[in-house]
Protein chains: 2
Amino acid sequence: MKKRILITAGGTAEKIDQVRSITNHSTGKLGSFIADLFLKHDYQVDYVTTASALRPTAQINLTVEEITDTQQLDERLTFLLTKNRYDAVIHSMAVSDFTPVKSYTQKDFVEQINQHFLKSGLPLTEADLANMIETPVATTTSKISSNTDYLFLALKQTPKVIQKIKVLQPDTLLVSFKLLVDVPKAELLQVALASMQKNQGDFVLANDLTTIKGQAHTGYLLNKEGQIVGEAQTKEAIAQLITQTILNEGTKEV
Amino acid sequence: MKKRILITAGGTAEKIDQVRSITNHSTGKLGSFIADLFLKHDYQVDYVTTASALRPTAQINLTVEEITDTQQLDERLTFLLTKNRYDAVIHSMAVSDFTPVKSYTQKDFVEQINQHFLKSGLPLTEADLANMIETPVATTTSKISSNTDYLFLALKQTPKVIQKIKVLQPDTLLVSFKLLVDVPKAELLQVALASMQKNQGDFVLANDLTTIKGQAHTGYLLNKEGQIVGEAQTKEAIAQLITQTILNEGTKEV
């Protein structure tokens, strides 16, 4: 039976209102390279990406699905992982950790907080604040008024989509990504390892934004045991490293 | 002497941290159509746009400059309007009204607010809140930690770049845009007129997001007196309407 892989790439965008979003930067280039390599190796590739991200060049045995926000990503991946059996899942999409819940003008925000003070006379607690944010409001603004010096945006954590992957498909090989910004290598590797373990991943590609520039892109591929199975200095080389590692695992299984 | 026009198109992106931005949606398609029409009429076109926006198809007599956020837009327009004399400025770029100043975890935010409350025993004022936001912090996070249920983003108003245009070049013809979401036509026209007058504009294109879909795009072009000088139902037709109106004004002047 034809081998099948699920690849995510690009960056999500969480709506603030009808005309504004919080976007996670990602060109999707690395994901498109990985997809093209697996297509060369005759895999069926299911590619989940975002509107502005780059696409794989090859077309045969490729299905592309577009999502916008984490909610849609969650629904899409749950559907695909329930419907198809994947030999591997490579989750390279930059997924927003937070999504906007409410926005307040300076005036509204002060009023909201003072309501609590005046009622209870007590300092604010984290629970008070959470409660204030989660309390539904009657009117929803389709476009935020700019008639305030300051605007307050309350965001809440998005569901960790990646943690569902192994739950829905325990036997698939999961490659996750960890991007940090300007940290020592030791810290990068340790944080990447911890995130892989939390997601029950099999491999994690650890990279630091400060090493990504044009063609240059330093990446360390770690296995479950935290060993560096490979290191690469360009997007092409990282794609090769990940692809070859998955292919080797595949043959091991046989 | 060759006629010269400055056109802005696309949407700005304001950095939250190294990997996230607040973006204003805009394909830049309408601006690119307008630019192509003025190039056909042998204008020199200075085109200020953003990375992901569409470009004009014609190339001769066109200079394209790319900006990312409102700060860069401000600097770029100030430079161009000081350096060159423009017969007209068409400001179709979707410019962010707010830019992130600080982000707080749930815990940090509650602490900050309570510090004030416990010190003074008084309710919070808008000034207190503004002061809290504007007080510089020693550590700046290059990537926001996701280790909090809620995140608070404090944003401040960006400088109104459009209001500088007529100050720097009183004799140019300024066409501004006003986009609202799902309001009655009368309200749309009234708000658009008010914004044009505030910016000392000569014309304003009033449009409502709910009428923009694929090729369909309803726009009303208002003059200083608030009269509708034209109405169009597609991006192409809006571009034609704006271009023809500016060309007519140009000949009037002669």
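Residues numbered from 1 in each chain as written. Chains lettered and ligands numbered in written order. Predicted model: local features only at pLDDT ≥ 70, side-chain atom pairs only at ≥ 80, totals over all residues. Heavy atoms only, no water.

Going by an unreviewed UniProt entry, chain A carries the name Phosphopantothenate--cysteine ligase and comes from Enterococcus lemanii.

With that settled, the discussion passes to the pairing of strand β1 (residues 4–8) of chain B. Residues and elements named next belong to chain B. Most of β1 sits inside the fold, with four of its five residues counted as buried. Where β1 and strand β4 (residues 44–49) come together, five bridges link them in parallel fashion. Its bridge partner lying in β4, I5 is registered against V45. The sheet contact formed by β1 and strand β6 (residues 88–91) spans four bridges and is parallel. Considered in β6, the bridge of I5 is made with A88. (Buried < 20%, exposed > 50% of the residue type's maximum accessible area, 1.4 Å probe, protein only. Helix = DSSP H or I, 4+ residues; strand = E, 2+ residues; numbered from the N terminus. Pairing = 2+ DSSP bridges.)

Turning next to the relation of the copies chain A and chain B. To go from the first copy of the chain to the second, apply a rotation about an axis and then a shift along the same axis. In the superposition of chain A on chain B (RMSD 0.1 Å, axial shift 0.0 Å), the rotation amounts to 180°. Those values place the two copies in the arrangement expected of a two-fold rotation axis. Both copies present the same face, since 96% of the interface residues in chain A are matched by interface residues at the equivalent positions in chain B. (Least-squares fit on C-alpha atoms with pLDDT ≥ 70 in both. Contact = heavy atoms within 4.5 Å.)

Below, the discussion takes up the packing of aromatic side chains. Scanning the model with the defined rule gives seven aromatic pairs over all chains in all. An angle of 50° between the planes, with centres 5.6 Å apart, marks the rings of F109 of chain A and F109 of chain B as tilted. With F109 of chain A in helix α3 (residues 106–120) and F109 of chain B in helix α3 (residues 106–120), this pair bridges two chains. An identical accessibility class is assigned to F109 of chain A and F109 of chain B; each is buried. (Phe/Tyr/Trp six-rings, centres within 6.5 Å; stacked < 30°, edge-to-face > 60°.)

Next up on the list: the interface of chain A and chain B. On the chain B side, the residues contacting the 47 residues of chain A number 45 residues. At the boundary of chain A with chain B, total buried surface from both sides reaches about 4500 Å², with 63% on carbon and sulfur atoms. Its largest share of buried area at the contact with chain B, chain A owes to F98, E126 and Y150 of chain A, together 13% of the area lost on that side. Across the chain A-chain B interface, the total number found is two salt bridges. Notably, a salt bridge pairs D97 of chain B with R20 of chain A, separated by 2.9 Å at the nearest N-O pair. Taken together, the links from chain A to chain B amount to 21 residue pairs in polar contact (both at pLDDT 80 or more). The set of elements that each furnish at least two residues to the side of chain A that touches chain B consists of β3 (20–24), α3, α4 (126–134) and β8 (150–157) of chain A. For the side of chain A that touches chain B, the class distribution of residues is 24 nonpolar, 15 polar and eight charged. Across five bridges, β3 of chain A lies against strand β3 (residues 20–24) of chain B in antiparallel orientation. Opposite N24 of chain A, over in β3 of chain B, you have R20 of chain B as the bridge partner. (Buried area = accessible area lost by both parts, 1.4 Å probe. Salt bridge = Lys/Arg side-chain N within 4 Å of Asp/Glu carboxyl O. Polar contact = N/O pair within 3.5 Å; in protein donor to acceptor, adjacent residues only side chain to side chain. Nonpolar A, V, L, I, M, F, W, Y, C, P; charged D, E, K, R; others polar.)

What follows concerns helix α6 (residues 185–198) of chain B. Residue and element names in this part refer to chain B. Between its first and last C-alpha, α6 extends 20 Å over 14 residues, near the 20 Å set by a 1.5 Å rise per residue. Within α6, burial applies to L188, L189, A192, S195 and M196. The buried residues of α6 occupy an angular sector of 130° when projected down its axis, which confines them to one face. Turned more than 90 degrees away from the buried face of α6, the exposed residues are A186, Q190 and K198. (Expected span 1.5 Å × (residues − 1). Arc of directions from axis to C-beta.)

Right, let's talk about the domain arrangement of chain A for a bit. Residues and elements named next belong to chain A. We note that the domain assignment places domain 1 (4–97 + 159–249) and domain 2 (99–157) within chain A. Inter-centroid distance (C-alpha atoms) of domain 1 to domain 2 is 35 Å. Listed per partner, the contact involves 11 residues of domain 1 and 10 residues of domain 2. Carbon and sulfur atoms make up 60% of the area that domain 1 and domain 2 hide from each other, which totals about 820 Å². Where domain 1 packs against domain 2, one counts zero salt bridges. The interface formed by domain 1 and domain 2 holds two residue pairs in polar contact (both at pLDDT 80 or more) in total. Elements represented by at least two residues in the side of domain 1 that touches domain 2 include exactly β2 (13–15) and β3. (Domains from an automatic or database assignment.)

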